[in-house]
Structures are given as C-alpha cells and as structure tokens.
Amino acid sequence: MASRLGRLRRWKRRELLRIAARDLLGRSDLPTVGRELAALAEACLGGALAIAEPTMRIAVIGMGKLGGMELNYSSDVDVLFVHDGSTDDAERTARRLLQVMAEPTEDGIVFRTDADLRPEGRAGALSRTLDGYEAWWTRWRRPGSSRPC
C-alpha cells in the first residue's frame, strides 16, 4: 500500500513540474494551465479511488475550481461523493480517498482535498445516493427558485 501511495505522489509531482515548465516557458496560456491542473487532480482522484478499493459503485464529483476546470497551483480540490449501495461502505471509501489525497507522507501530499461543499457541510453525510441528493435538494430549495435557502 505504501508504495502505491508514494507512486501516486511522485507521479503527481512530475506532472506538476511538466505543467509548470510549460507555463513558465510561455507554452501554455492561463486557461490551458487551469485545465491541465484540473485534469491532473482528476487523474489523482482516480488513482486515490483505486487505492481506496471501493466495494460499491461510487462517483467523485469535482466542485468549485476543479469542476470548472480552472484549478490553480494553490487550489484545493473540492469534491462530492455519490454512491450506489451501502452508505457505511461508501463513507469508508470516501474517508480513505480523502486520506490518500491529503495525508502527508515522506513524498508529500497529493492535493488538499475538501468535501465540505456537501449538503450540511461537515455535519452532513460524506456520501449520498443520487436519490438522497435529490431529496435534500427538493426539501431545501426555495419555492419558485432553483437555489437552496
């Protein structure tokens, strides 16, 4: 397991160096750099999910700058988790993925990763089913608006 964690972190650093070199040499413009950083974060999330070894179907949804493909060098990665199956298994998988991404090792971290944009923030469930998100949205949106209260 430790070698998989180290490989993911070292690969991320090499890719970050490649993106930064293109940026500093003027070969990539700002929008391109943002997209490349977001693609790097997405690939890292995929690697972290594989390391977390989910036992059910789970999706990691990029929010904020990641979702908008506008990441910058100091951005954290905002995510939501959506699953099919056991909520307990999904919570375990989501927690493990967050740990893989953000826990410091001798190789550093992958990305600072934040799941607090979910409904109810830190007090809310870490992962929900699609029906669970829909029920939350239906309950909390303002009448006549697509925006929550």
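In the block above lies the structure referred to throughout.
Only a predicted model underlies this, so the values are computations on that prediction, with no experimental measurement involved. Each residue is numbered by its place in its chain's sequence as written, counting from 1. Residue-level local features of this predicted model are given only where pLDDT is at least 70; pairs of side-chain atoms are given and counted only at 80 or more, and the full residue set underlies all totals for whole chains, interfaces and linings. With hydrogens and water set aside, each side-chain value is computed from the structure's full complement of heavy atoms.

Undergrad: Quick one: what's the story with the packing of aromatic side chains, residue by residue and with numbers?
TA: We call Phe, Tyr and Trp rings a pair once their centres come within 6.5 Å, taking the six-membered ring for Trp, and we label the pair stacked below 30 degrees between planes, edge-to-face above 60, and tilted otherwise. In total, this model carries 1 aromatic pair according to the counting rule given. Seen in terms of ring centroids, tryptophan 136 and tryptophan 137 are 6.2 Å apart; in terms of plane orientation they differ by 45 degrees. Their pairing is tilted. Residue exposure (1.4 Å probe, protein chains only): buried if accessible area is under 20% of the type maximum, exposed if over 50%, otherwise partly exposed. Taking the relative accessible area as the measure of exposure, tryptophan 137 reaches 31% and is therefore partly exposed. Both a distance and an angle decide whether a charge sits over a ring: NZ of Lys or CZ of Arg must be within 6 Å of the ring centre and within 35 degrees of the ring normal. The ring of phenylalanine 111 carries the charged tip of lysine 12 above its face, separated from the ring centre by 4.6 Å. In this arrangement the basic side chain of arginine 128 is found over the ring face of tyrosine 133, its NZ or CZ atom lying 5.9 Å from the centre.

Undergrad: Summarise helix 4 (residues 87-102); cite the residues concerned and give the values.
TA: Secondary structure elements follow DSSP: runs of H or I of four or more residues count as helices, runs of E of two or more count as strands, with numbering from the N terminus. An expected span of 1.5 Å times one less than the residue number is assigned to each helix. Taking 1.5 Å per residue, 16 residues should reach 22 Å; helix 4 reaches 22 Å between its end C-alpha atoms and fits that length. All of the buried residues in helix 4 are Ala90, Glu91, Thr93, Ala94, Leu97, Leu98, Val100 and Met101. For helix 4, the side-chain oxygen to backbone nitrogen distance between the N-cap and aspartate 88 is 3.3 Å, and the N-cap itself is serine 86. Whenever two N or O atoms come within 3.5 Å, that pair is a polar contact, provided that in protein one can donate a hydrogen and the other can accept it, and provided that, for residues adjacent in sequence, both atoms are side-chain atoms.

Undergrad: Explain the packing of helix 1 (residues 2-24) against helix 2 (residues 30-52) to me, using residue names and the numbers behind them.
TA: Interhelical geometry of helix 1 versus helix 2 gives an angle of 175 degrees and a closest axis separation of 11 Å. On the basis of the axis angle, helix 1 is roughly antiparallel to helix 2. Between helix 1 and helix 2, the residues in contact are Arg4, Leu5, Leu8, Trp11, Lys12, Glu15, Leu16, Arg18, Ile19, Arg22 and Asp23 and Val33, Glu36, Leu37, Leu40, Ala43, Cys44, Gly47, Ala48, Ala50 and Ile51, respectively. Residue classes in the contact of helix 1 with helix 2 are distributed as 13 nonpolar, 1 polar and 7 charged. Here the axes come from fitting lines to C-alpha atoms, over the contacting stretch only for helices, and the angles between their N-to-C directions go from 0 to 180 degrees. When an angle is under 35 degrees it counts as roughly parallel; over 145 it counts as roughly antiparallel; between 65 and 115 it counts as roughly perpendicular; any other value is oblique. Note on contacts: a residue pair is in contact if any heavy atoms of the two residues lie within 4.5 Å. Polar here means any residue outside two lists: the nonpolar Ala, Val, Leu, Ile, Met, Phe, Trp, Tyr, Cys and Pro, and the charged Asp, Glu, Lys and Arg; Gly therefore counts as polar.

Undergrad: If you had to explain helix 1 to someone new, which residues and values would you point to?
TA: Given a rise of 1.5 Å per residue, 23 residues ought to cover 33 Å, and the 33 Å separating the end C-alpha atoms of helix 1 matches this to within 8%. For helix 1, the full list of buried residues reads Leu5, Gly6, Leu8, Arg9, Lys12, Ile19 and Ala20. Elements that come into contact with the buried residues of helix 1 comprise helix 2 and helix 4. Among the residues trailing helix 1, glycine 26 stands out with phi positive, at a value near 75 degrees.

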